[in-house]
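Chain by chain, the residues:
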Amino acid sequence: MSNILISYTSMTGHNEKIAKHLESYLKQKNQDVTLEQLVDGDAYSLPDYDAVIVVTYTYHDGDLPDEAQDFFEDLKDVDLEGTEFAVAGSSSKTHIHFGRAVDYFTMQLNSSNGDQAADSVKINQEPDEDDLKRVDQLADYVLKSLN
Ligand SMILES: Cc1cc2nc3c(=O)[nH]c(=O)nc-3n(C[C@H](O)[C@H](O)[C@H](O)COP(=O)(O)O)c2cc1C
């Protein structure tokens, strides 16, 4: 059994739905899962986990949500060597910089020496069945990386 953190932020519920879907999927696979909001999280605790999955929307003009800024800044000082990670997020294709917060987190987690277990997944608005399948696939890659 691996110890997996899902750290998410959500304003109107799309990313909460993705994060909770991931939580139940990974629990079904007998993993030890912690679900936490980014705003309550501590980036310095990430190395305590075997794997970390960040789920975020994009705000402003292709930027991180305000409540994710502190966590993101702290992440720059964290060494994630030996920690697997993946990133997913719902945002909106009506904006020029679709899902750019997903890209920012992906780049920073790599820069912090994390091991990227899966390609990042961007979802347009409310996740549908196909989107959730892509999320399951991301989780499968994370599990595979831990074996
Ligand atoms: C003021 C505002 C700015 C936004 N800016 C962007 C953006 O730059 N890029 C993007 O892809 N989505 C943008 N979005 C869309 C949200 O990321 C999208 O609605 C997302 O699904 C919200 O997730 P949530 O339901 O988990 O809060 C913006 C939404 C709002 C309300």
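Per an unreviewed UniProt entry, the protein chain goes by the name Flavodoxin and belongs to Companilactobacillus ginsenosidimutans. If you open the UniProt record of the protein chain and go to Function (unreviewed entry), you find "Low-potential electron donor to a number of redox enzymes." Taken verbatim from the UniProt record of the protein chain, the Sequence similarities (unreviewed entry) comment is "Belongs to the flavodoxin family."

Notes on the overall build of the protein chain
What the protein chain contains, in helices and strands, is four helices and six strands. Along the protein chain, from the amino end to the carboxyl end, the secondary structure elements read β-α-β-β-α-β-α-β-β-α. Here the C-alpha coordinates of the protein chain stretch approximately 40 × 35 × 25 Å along the principal axes. Of the contacts formed within the protein chain by residues at least 6 apart in sequence, a portion of 81% connects residues at least 24 apart. Carbon and sulfur atoms provide 41% of the accessible area of the protein chain, an area that totals close to 7200 Å². Within the protein chain, the 29 negative side-chain charges are centred at a point lying 9 Å from the centre of the 11 positive side-chain charges.

Examining the packing of helix 1 (residues 14-28) against helix 4 (residues 129-146)
One can describe the packing of helix 1 onto helix 4 by two numbers: an axis separation of 10 Å at closest approach and a directional angle of 50°. When the axis of helix 1 is compared with that of helix 4, the two are oblique. Once helix 1 is placed against helix 4, the crossing between them reads as right-handed. In contact with Ile18, His21, Leu22, Tyr25 and Leu26 of helix 1, helix 4 contributes Leu132, Val135, Asp136, Leu138, Ala139, Asp140 and Leu143. For the contact of helix 1 with helix 4, the class distribution of residues is nine nonpolar, one polar and two charged.

Structural notes on the nonpolar core
Ile6, Leu22, Leu26, Ile53, Val55, Leu138 and Val142 are the most contacted members of the largest nonpolar core, which has 23 residues in total. At the level of secondary structure, the elements contributing two or more residues to this core comprise strand 1 (3-8), helix 1, strand 3 (51-55), strand 4 (84-91), strand 6 (121-124) and helix 4. Leave out the neighbours within four places in its chain, and Leu138 touches Leu22, Ile53, Ala86, Val87, Ala88, Ala118, Asp119 and Val121.

Focus: the environment of Asp115
With respect to the element layout, Asp115 can be found in strand 5 (residues 115-116). Judged by its relative accessible area of 34%, Asp115 falls in the partly exposed class. On a C-alpha basis, the gap between Asp115 and Ser92 in space is 27 Å, while along the polypeptide they are 23 residues apart. Ignoring sequence-local partners within four residues, the contact set of Asp115 consists of Gly82, Thr83, Glu84 and Phe85.

Describing the side chain of Ser7
Its place among the elements puts Ser7 in strand 1. Assessed through its relative accessible area of 0%, Ser7 is described here as buried.

What counts and how
- Residues numbered from 1 in each chain as written.
- Predicted model: local features only at pLDDT ≥ 70, side-chain atom pairs only at ≥ 80, totals over all residues.
- Heavy atoms only, no water.
- UniProt positions renumbered as here; feature names shortened; annotations may be inferred.
- Helix = DSSP H or I, 4+ residues; strand = E, 2+ residues; numbered from the N terminus.
- Contact = heavy atoms within 4.5 Å.
- Areas by Shrake-Rupley, 256 points an atom, 1.4 Å probe, with all protein chains shown as cover.
- Lys, Arg positive; Asp, Glu negative; His and termini not counted.
- Charge placed at Lys NZ, Arg CZ, Asp CG, Glu CD.
- Axes fitted to C-alpha atoms, helices over the stretch in contact; angles between N-to-C directions.
- Parallel < 35°, antiparallel > 145°, perpendicular 65-115°, else oblique.
- Left-handed = near helix turned anticlockwise from the far one by under 90°.
- Nonpolar A, V, L, I, M, F, W, Y, C, P; charged D, E, K, R; others polar.
- Core = buried A, V, L, I, M, F, W, Y, C linked by side-chain atoms within 4.5 Å.
- Buried < 20%, exposed > 50% of the residue type's maximum accessible area, 1.4 Å probe, protein only.

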